[in-house]
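Coordinate inspection notes
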Amino acid sequence: MFYYKKWDDFCKKLVNSGITLCTAEESLKLENGTRFVVLKHDVETFVSNAYKLATIEHKHGIRGSYYVQAYLMNDENNINDFARIVVAEQ
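Conventions adopted
- Residues numbered from 1 in each chain as written.
- Predicted model: local features only at pLDDT ≥ 70, side-chain atom pairs only at ≥ 80, totals over all residues.
- Heavy atoms only, no water.
- Salt bridge = Lys/Arg side-chain N within 4 Å of Asp/Glu carboxyl O.
- Helix = DSSP H or I, 4+ residues; strand = E, 2+ residues; numbered from the N terminus.
- Buried < 20%, exposed > 50% of the residue type's maximum accessible area, 1.4 Å probe, protein only.
- Expected span 1.5 Å × (residues − 1).
- Phe/Tyr/Trp six-rings, centres within 6.5 Å; stacked < 30°, edge-to-face > 60°.
- Lys NZ or Arg CZ within 6 Å of the ring centre and 35° of its normal.
- Axes fitted to C-alpha atoms, helices over the stretch in contact; angles between N-to-C directions.
- Left-handed = near helix turned anticlockwise from the far one by under 90°.
- Contact = heavy atoms within 4.5 Å.
- Nonpolar A, V, L, I, M, F, W, Y, C, P; charged D, E, K, R; others polar.

Our next topic: the pattern of salt bridges. Summed over the entire model, instances satisfying the criterion amount to five salt bridges. Residues Asp9 and Lys5 are paired through a salt bridge, measuring 2.9 Å at the closest nitrogen-oxygen approach. Taken together, the residues span about one helical turn, with Asp9 and Lys5 both in helix 1 (residues 4-16) at a distance of four residues. With relative accessibility at 29%, the residue Asp9 sits in the partly exposed group. For Lys5, a relative accessible area of 57% puts it in the exposed group. Of the charged contacts in the structure, one is a salt bridge between Arg63 and Glu26, with a shortest N-O distance of 2.5 Å.

In structure tokens:
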């Protein structure tokens, strides 16, 4: 079972580690030899859970990469949650 408190603790440790945290797109622009972590999320079912992760990451100044199953875009509630993730990640 996943606990958001543990994700919050993990994000805090990552920020304090000195390792560059970036999106997948940003990683392509880093200098060779740069140590980095990309937080990549595959959103396959529960968009609201992905939003919770984005909120925690935003609190720590982290921007993640979210990969979304296309069928999720057929639900208006999911679209609203994705829009909220974009705002939280900026």
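For helix 3 (residues 47-59), built from 13 residues, the straight-helix expectation of 18 Å at 1.5 Å per residue is met to within 8% by its first-to-last C-alpha distance of 19 Å. Taken from the residues just after helix 3, Gly61 is the one with a positive phi, measuring 75°.

By the definition in use, this model includes one aromatic pair. Taking 5.2 Å as the distance between ring centres and 40° as the angle between the ring planes, the aromatic pair formed by Trp7 and Phe10 counts as tilted. Here Trp7 and its partner Phe10 are both found in helix 1, three residues apart, which amounts to about one turn of the helix. Residue placement shows Arg84 over the ring face of Tyr51; its charged tip is 3.8 Å from the ring centre.

What follows is about the packing of helix 1 against helix 3. Here helix 1 crosses helix 3 at 35°, and the two axes come no closer than 9 Å. The interaxial crossing formed by helix 1 with helix 3 has right-handed handedness. Taking contact as the criterion, the partners of Tyr4, Trp7, Asp8 and Cys11 in helix 1 are, on helix 3, Asn49, Lys52, Leu53, Ile56, Glu57 and Lys59. Along the lines of polarity and charge, the residues of the contact of helix 1 with helix 3 split into five nonpolar, one polar and four charged.

Looking now at the side chain of Asp81. Tracing the backbone through its elements, the reader meets Asp81 in helix 4 (residues 76-89). Discounting residues that sit within four places of it in the chain, Asp81 has contacts with Val47, Ser48 and Tyr51.

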